[in-house]
Amino acid sequence: MNQYYKQLLPYLERNHAYQTALALLSWDTETLAPPAASDYTAKSVGILSEEAYHILICDEVEALLKKLSSEKEQKDLNASEQAVVRLLQKEYKKLSCIPAKEYREFSELCATAQAAYCRAKQNAKFEDFAPTLEKLIDYTRRFASYRAKKGDNLYDLLLDEYEEGFTTEVLDDFFAKLRKAIVPLIKQVVAKNDTVCKDYNSRNYPVEIQEGFCRYLSGYLGFDFNRGVIAESEHPFTTSLHNHDVRITNHYYEDSLESGIFSAIHETGHALYEMGVEDSLSGTPAGSGISMGMHESQSRFYENVIGRSKEFWIPLFPKLQKTYPAELSDVSLDDFIKGINKAEPGPIRIEADELTYPLHILIRYELEKDIFSGKCKVSDLPELWNKKYEDYLGIIPQNAAEGILQDIHWAMANFGYFPSYAIGSAIAAQLYHHMVQQMPLNDYLTDGNLIPVREYLRDHIHKYGAVYPTNELLKKVTGEEFNPEYYIRYLTDKYTKLYNL
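By convention here, each chain's residues receive numbers from 1 onward along its written sequence. Under the rules for a predicted model, residues below a pLDDT of 70 receive no local features and side-chain atom pairs below 80 are neither given nor counted, while totals for whole chains, interfaces and linings still include all residues. Based on all heavy atoms of the structure, the side-chain values leave hydrogens and waters out of the count.

Distance thresholds for patches are 9 Å for like charges and 5 Å for nonpolar side chains (Val, Leu, Ile, Met, Phe, Trp, Tyr), applied to residues having over 30% relative accessible area and no salt bridge. Only the protein chains shown count as cover for residues, with accessible areas throughout obtained via the Shrake-Rupley method and a probe of 1.4 Å. Every case where a carboxyl oxygen of Asp or Glu lies within 4 Å of a side-chain nitrogen of Lys or Arg is listed as a salt bridge. His is not counted, nor are the chain ends; Lys and Arg add positive charge and Asp and Glu add negative charge. Each charge is placed at NZ for Lys, CZ for Arg, CG for Asp and CD for Glu. On the surface, a cluster of negative charge is contributed by Glu208, Glu211, Glu232, Glu254 and Asp255. Helix and strand definitions follow DSSP, with helices as H or I runs of at least four residues and strands as E runs of at least two, each counted in order from the N terminus. As for its placement among the helices and strands, Glu254 is situated in the loop between β3 (245-250) and α11 (257-275).

Classification of ring pairs uses Phe, Tyr and Trp, with its six-membered ring standing for Trp, and accepts pairs whose centres are within 6.5 Å; under 30 degrees between planes counts as stacked, over 60 as edge-to-face, and the remaining range as tilted. Under the definition given, this model contains 35 aromatic pairs. Taken together, a centroid distance of 6.3 Å and an interplanar angle of 10° make the contact between Tyr155 and Phe372 stacked. Of this pair, Tyr155 sits in helix α8 (residues 154-162) while Phe372 sits in helix α17 (residues 357-373), and the two are 217 residues apart along the sequence. Both residues of the pair, Tyr155 and Phe372, count as buried. Accessibility here uses a 1.4 Å probe with only protein chains present; expressed as a share of the type maximum, an area under 20% marks a residue as buried, one over 50% as exposed, and anything in between as partly exposed.

Strand pairing requires that DSSP identify at least two bridges connecting the strands. The 3 strands are arranged β1-β3-β2 in an open sheet whose pairing can be described as mixed. Two strands close off the open sheet at either side, each with one partner strand: β1 (228-232) and β2 (238-242). Looking at each pair of strands side by side, their axes are set apart by 20° on average, direction ignored. Two elements, β1 and β3, share 5 bridges in a ladder whose sense is parallel. Among the inter-strand pairings, Glu232 is bridged to a residue of β3, identified as Asn250. On the sheet, helix α1 (residues 3-31) packs against β1, β2 and β3 and is oriented at approximately 150° with respect to β2. Simply put, an axis is a line fit to the C-alpha atoms, just over the touching stretch for a helix, and the angle between two N-to-C directions goes from 0 to 180 degrees. Contacts between residues were defined by any pair of non-hydrogen atoms, one from each residue, lying within 4.5 Å.

Moving on, we come to the layout of surface pockets. We place a 1 Å grid over just the protein atoms. Points where a 1.4 Å probe fits but has no way out form a cavity, open points with protein on both sides within 12 Å along at least 5 of 7 lines form a pocket, and any residue with an atom within 4 Å of a point lines it. Grid points are joined across faces, edges and corners, and a volume is the space filled by probe spheres set on the points. Here the second largest pocket defines a volume of roughly 640 Å³. Surrounding the second largest pocket, 22 residues form its lining, Ser309, Glu311, Tyr432, Lys494 and Lys497 being those nearest its centre. For the lining of the second largest pocket, the secondary structure elements donating two or more residues are α12 (292-306), α13 (310-313), α16 (333-340), α19 (419-438) and α23 (485-498). For the lining of the second largest pocket, the leading source of residues is α23, giving 7 residues. Classification used: nonpolar for Ala, Val, Leu, Ile, Met, Phe, Trp, Tyr, Cys and Pro, charged for Asp, Glu, Lys and Arg, polar for all others including Gly. Class assignment for the residues of the lining of the second largest pocket results in 8 nonpolar, 5 polar and 9 charged.

The next point concerns the packing of helix α2 (residues 38-56) against helix α6 (residues 100-123). Interhelical geometry of α2 versus α6 gives an angle of 145° and a closest axis separation of 8 Å. The chirality of how α2 crosses α6 is right-handed. Contacts from Ser38, Asp39, Ala42, Lys43, Val45, Gly46, Ile47, Ser49, Glu50, Tyr53 and His54 of α2 reach α6 at Ala100, Tyr103, Arg104, Ser107, Glu108, Ala111, Thr112 and Ala115. When its residues are assigned to classes, the contact of α2 with α6 shows 8 nonpolar, 6 polar and 5 charged. The handedness criterion is simple: a crossing whose near helix is rotated anticlockwise from the far helix by less than a right angle is left-handed, and one whose near helix is rotated clockwise is right-handed.

In structure tokens form, the structure reads like this:
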């Protein structure tokens, strides 16, 4: 092992220990911690964050990174080690320009912001959360400006944290293509929506029974309960302490069967990615998914491409009917498949169908661009949100809880994250196009055999963690870089067939 890389490892291990503690506090806050705990817990989060900051942002790490960046030392590193150095250099560049005191203040703010957001959402009062959101945006803008060069687009810097290489120029083109293809298709589909009935979805489904079936689903997909746990939270999410401790959450509604089912499949897709990372990478900067877009490609591949297919439900639907005999005895498999794929504009992103979903992301993308270009104020957001929903989807949210306050991302200062959902959906379609040429994928689903699918994704994507950038990894797997045409074709073919257009 390279001598300088070996000297770097203790710093990485110590930083990861602190990050693990912070992840556990975040997990606890979202799942079990009492509401009154947030302000006090925030102090601990601030202290731990500052300590983690100082472990990496120090003269010793800076000197080691400088030595490891030389051509001579790079030749002495393998691909995984090169990736660790590259990712650490990026993180060092991001953090080193932020004063430690400000970083700690921001970390404490984020720790209290989620509780403030939850209270505001419960009361459907955006004005209660607006002052906190204003502070989060100010910090995010300031931190981005610290590392910005003359002429840089601040929002591009934020996008780069989640999706390297996917700038506003790239995304503007991507969303323009989606909008051109999808908006007319939605109109055609909605015109025939009276042919699809999904009354079954809003019948009474006790939460404890949903929990049992969703747990079964996660195991069916390959979730390893020896290395993972499932809990409940207001907003479903996945967190990974390392590849042997991956945690997912779900949320259940008694009057919505599909919500819990597809959240479970979605989060399990994320979890399988984290569990599939090679042990040698776990705990390093390369020990997680390469980007949120690639991560979302895995969750949305399982949730939508596989999870909403007839082949997937052929072996599972009898068990679902047995679980809910009174509620589903009059529902056929074909009617269920039509129901879970029904395209109908609605206000809630995480409940959206595959066809209208990209427009939910487009709305958030456009608002974030306006926020960080200075075109809109926080106080303008609810009105702008509702106007865009009316323009793009023909609906207006009834209140802030199902409108501007429906997502927790901004309360976590995750500005620039939302486009990754659409990117991930597109990558999922691209992977599917490739995989059906490599294996009898649909036959495996019909047989209830998910192992070949899971192993293929593990061997070609998951095990590499963050070693290869998104486009490089995509090219290794499919032979080409990101290509949204597969996504447009996938949606067009699927809904043309479903609705006999």
